[in-house]
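# Survey of secondary and tertiary structure
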Amino acid sequence: MFSSVNRWSVISAWLAVFVTAASIGALSGISVTIGAGVLWLLACVMPPAVILMVWRGAPPPTVAEVLHAVEGHD
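Just so it is clear, the model here is predicted, and its values are computed rather than measured. (Residues numbered from 1 in each chain as written. Predicted model: local features only at pLDDT ≥ 70, side-chain atom pairs only at ≥ 80, totals over all residues. Heavy atoms only, no water.)

In terms of regular secondary structure, the chain is built from 3 helices and 0 strands. Helices (α) and strands (β) of the chain occur, in sequence order from the N terminus, as α-α-α. For the chain, whose C-alpha radius of gyration is 21 Å, the value lies well above the compact-globule estimate of 11 Å for 74 residues. C-alpha extents for the chain along the principal axes are approximately 70 × 25 × 10 Å. Counting every atom, the chain has about 6200 Å² of accessible surface; 75% of that belongs to carbon and sulfur. (Helix = DSSP H or I, 4+ residues; strand = E, 2+ residues; numbered from the N terminus. Rg over C-alpha atoms; globule rule 2.2 N^0.38 Å. Areas by Shrake-Rupley, 256 points an atom, 1.4 Å probe, with all protein chains shown as cover.)

If you want it as structure tokens, here you go:
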């Protein structure tokens, strides 16, 4: 199910949700202060940064997998 999801699509969806929420808030007349702007910036930037650091991809093959692959070629 999650094999077709890559990290860039997750980050794009995350940023789209926060931009949409910020736009709705600004259009409804909520005052945006410096402190609220900093919190919005952190909420938009930190989770994608963590996703980029944590979501690395496939792990390297183990020694057993490498040896099994070599034995299969004989």
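Having seen the structure, we can now continue with the description.
What follows concerns helix α1 (residues 7-27). Spanning 21 residues, α1 covers 30 Å between terminal C-alpha atoms, matching the ideal 30 Å at 1.5 Å per step. For α1, the set of buried residues is Ile11, Phe18 and Gly25. Each buried residue of α1 lies within a common arc of 65° when the element is viewed along its axis, so the set occupies one face. Residues Trp8, Val17, Ile24 and Leu27 are exposed on α1 and point more than 90 degrees away from its buried face. A positive backbone phi angle near 100° is found at Gly29, which sits one or two residues after α1. (Expected span 1.5 Å × (residues − 1). Buried < 20%, exposed > 50% of the residue type's maximum accessible area, 1.4 Å probe, protein only. Arc of directions from axis to C-beta.)

Here we take up the confidence of the model for the chain. Averaged over the chain, the pLDDT score is 79; the fraction of residues at 70 or greater is 91%. Per-element averaging of pLDDT across the chain places helix α3 (residues 63-72) at the bottom with 80 and α1 at the top with 82. (pLDDT = per-residue confidence, 0-100.)

Moving on to the environment of Leu39. As for its placement among the helices and strands, Leu39 is situated in helix α2 (residues 34-54). Measuring from C-alpha to C-alpha, the distance between Leu39 and Val54 comes to 22 Å, with 15 residues separating the pair along the chain.

Let's shift gears to the packing of aromatic side chains. Summed over the entire model, instances satisfying the criterion amount to 1 aromatic pair. Consider the rings of Trp14 and Phe18, whose centres lie 5.1 Å apart with planes at 55°: the pair is tilted. Here Trp14 and its partner Phe18 are both found in helix α1, 4 residues apart, which amounts to about one turn of the helix. (Phe/Tyr/Trp six-rings, centres within 6.5 Å; stacked < 30°, edge-to-face > 60°.)

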